[in-house]
Every structure is written in structure tokens, then in C-alpha cells.
There are 2 protein chains.
Amino acid sequence: MATLGELERAVMDLLWAGHEAATANTLRDLLAQSTRAQDGTAGHVGKDLAVTTVLTVLSRLERKGLVERERGTRPHRYQAVSSRADHTAELMHEVLGSAPDREAVLARFIGSVSATEAETLRKLLEHS
Amino acid sequence: MATLGELERAVMDLLWAGHEAATANTLRDLLAQSTRAQDGTAGHVGKDLAVTTVLTVLSRLERKGLVERERGTRPHRYQAVSSRADHTAELMHEVLGSAPDREAVLARFIGSVSATEAETLRKLLEHS
DNA sequence: GCTTAGTTTCTACATGAGGTAGAACAGCGT
DNA sequence: ACGCTGTTCTACCTCATGTAGAAACTAAGC
């Protein structure tokens, strides 16, 4: 499955931020951002990493299909293939999909959702 | 997180079956069942495993909090702590929970649900 | 053209999870 | 006391992930 490690997730957080801003990041960007990110912030990494470390992670994320790399430009540009929300929703479907009793799962899932979110869901379901 | 390996999942599948039937399984039960399980069936394991292998897995699942073991009886009794549906729903919440943009995620999630399931969801949300 | 600083690729090592199982120990029925 | 079955301990292998050095590569200036 597409389960991410801690560092992978941090890098994805940075890339996802760029995704919202429709920005393709370079390695340098990412390093700068990761240095800037504070504890608790998305993309936070508690230490200084070697450039190669980040590149390795980027390659692995690319292999996993989460990151796309523009090889044409000179510093390559890296960007998340899909938004964080899309990715998370997909993950939820993956989790759900492996169940033979989807209905039961959905029932439990709905059962433990906050009142406000239940409201949100109701609204979302009106249209479809 | 509670991400399971292949064998762990197979064992959980057997235990979950027992959970529905309100049955606590012994090691022997599980081995017999796993041998019986056919390809595609829940709890399927393609080969004969050593007893210790299954026991190790059970211990790890116990450590993860997914399995409870009755140590009083002589062959110990093993059982799933919660139903598969509960577990899966919990997993979905975990996935969702790590997102800062829960609403957006829910929107995407709902967006890619089948029509029939959307209907199910609507019904489920009526009561709450 | 040649050096240089930043980029990318290759290769490597450490750690931890999970699959797998032997060795040894413990309790029960005979 | 003996042996069978279940349990515990320990161990090994593989793979994912974190981490990074060494080397190859490239654009830009001198």
C-alpha cells in the first residue's frame, strides 16, 4: 500500500503545500522550507538533512507514484501528483475496499463521526 | 499505526470470523481453519506453517492490541478484540484524522463512492 | 576550455517490522 | 516417570525507510 514513513510524509506535506499554490518545487526550495518549518507545522523535520537524503526520499516517492518530477528543467521540479485531500480520500477508499462488509464498515464509520461532520456529510450527499 | 502484514491479516481474518460467531479460538482451531481456507477465502494461507509461526503472530497481534488471549484455560483462547468492521472503520478514522483538511477529504471521499453506497450513507445519516 | 558550485545518480549501511521457525520448557493424561 | 501438545524465547531473513557519502553531471563564470 501507500503507507508513508515520517520523513516521506514531511516531504509530501511540503509538496502538498506547493500543490495548492500550483507551484513546482526545486530541491533547494524544499530544503529551505523544511528548515523553516517549525515543530507542529506541516513538513516539519527536526534536523538538518543531507541533500541526498531528501533526493532519495523524492525518488522513492516518485517510484510510489506520489510525486512527479520534471526532468527537463535544470534543477528538476518536483510536485505532488494529487492534493493531500485526494490522496487521503483515496487511502480511505483503500482501507474500505479491502473489507468484504463495506456497509457495516460505513455504518461504524458514520457512527463515530462528530455531529458537525455528520451535517457536512449530509450536505455533501444531497447533490449526488 | 496498526498496519498489518499478510500473515497477520490472514490470522485476523480467522479471528474475526470467530468474533462474529462469538467464538474464542484455540491455536489448533486456527491451524485447522487456515489449512482449510481456500485461495480467495478469508484467512487463506498458501502453505503449511509451523505452529510457532502462528503463535508468534498471535503474540504480536496481542501486543498491538488487536487480539486478546485468555491465559487461564489450558490451550489458551485467542479472540479478536473488535470486529473487522469496527477495526476497519477505526482505521479509516485514523487516516482521516491525520489530515488538517478533514472536510475536503470527506468531500473527495463521498465524491468517489458508488451511487448505491451514497444511498446507504444517506440513510445512515438520517438518524444521527 | 577549464574550474567550480550546485544537482542528480548510485551505492551503502542501520534500524525496525514482519514472516518463519527451532530449542527448550511446562502441564496433562496415562 | 513419560510423552504429547501448547507456550515461551530466541533467532534469522527480507524488505521498507532514514540517512548519507562518492561519483557523475551540468550550467555559469573566468
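In what follows, the structure referred to is the one given above.
Now for a description of the structure that goes with this document. The numbering scheme is per chain: residues are counted from 1 as the chain's sequence reads. Here every chain gets a letter starting at A, and every ligand a number starting at 1, in the order they are written. The model is predicted, so local features are restricted to residues of pLDDT at least 70 and side-chain atom pairs to those at 80 or more, both for listing and for counting; the totals for chains, interfaces and linings are taken over all residues. By convention in this description, side-chain values take in all heavy atoms of the structure and omit both hydrogens and water.

## Observations concerning the protein's contact with DNA strand D
For this description, a residue counts as near a given molecule or strand if any of its non-hydrogen atoms is within 4 Å of it. The full set close to DNA strand D counts 25 residues, and E6 and L7 of chain A together with R28, R69 and H76 of chain B are the nearest of them. Of all atoms in DNA strand D that approach within 4 Å of the protein, 58% are sugar or phosphate atoms. The definition of a polar contact used here is a pair of N or O atoms within 3.5 Å, where within protein one atom must be able to donate a hydrogen and the other to accept one, and adjacent residues in sequence count solely through side-chain atom pairs. Here a phosphate oxygen of DNA strand D sits 2.4 Å away from a polar atom, N or O, in the main chain of H76 of chain B. Those elements that provide at least two residues to the surface near DNA strand D are α1 (6-20) and α3 (51-63) of chain A together with α2 (27-36) and α3 (51-63) of chain B. Each helix is a run of DSSP H or I of at least 4 residues and each strand a run of E of at least 2, with the numbering of both proceeding from the N terminus. Top contributing element to the surface near DNA strand D by residue count: α3 of chain A, with four residues.

## So, the relation of the copies chain B and chain A
In screw terms, the move from chain B to chain A is a rotation of 180 degrees and a rise of 0.0 Å along the axis, fitting with an RMSD of 0.0 Å. Taken together, the rotation and translation relating the two chain copies correspond to the operation of a two-fold axis. Closest approach to the rotation axis within chain B is made by the C-alpha atom of M92 of chain B, at a distance of 2.7 Å. We call two residues in contact when some of their heavy atoms are within 4.5 Å. When the interface residues of chain B are mapped onto chain A, 100% of them again fall at the interface, so both copies present the same face. Least squares is the method for superposing the copies, and the C-alpha atoms it fits come from residues with pLDDT of at least 70 in both.

## What to know about the protein's contact with DNA strand C
Within the structure, DNA strand C sits among 23 residues, and R28 and H76 of chain A together with E6, L7 and R60 of chain B are positioned closest to it. For DNA strand C, the fraction of protein-proximal atoms (within 4 Å) that sit in sugar or phosphate groups is 55%. The backbone of H76 of chain A places a nitrogen or oxygen atom 2.2 Å from a phosphate oxygen of DNA strand C. Here a phosphate oxygen of DNA strand C and a side-chain polar atom of Y78 of chain A are 3.4 Å apart. For the surface near DNA strand C, the secondary-structure elements that each account for two or more residues are α2 (27-36) and α3 of chain A together with α1 (6-20) and α3 of chain B.

## Details of the pattern of salt bridges
Should a side-chain nitrogen of Lys or Arg be within 4 Å of a carboxyl oxygen of Asp or Glu, the pair is scored as a salt bridge. A full pass over the atoms with the stated rule returns 18 salt bridges over all chains. A salt bridge links R84 of chain A to D13 of chain A; its shortest N-O distance comes to 2.6 Å. Taken together, the positions of R84 of chain A in helix α4 (residues 84-97) and D13 of chain A in helix α1 put the pair 71 residues apart, joining distant regions of the chain. Comparing R84 of chain A with D13 of chain A shows no difference in burial state: the two are buried. Residues joined in a network through salt bridges with shared partners are D13 and R84 of chain A together with D101 of chain B. Accessibility here uses a 1.4 Å probe with only protein chains present; expressed as a share of the type maximum, an area under 20% marks a residue as buried, one over 50% as exposed, and anything in between as partly exposed.

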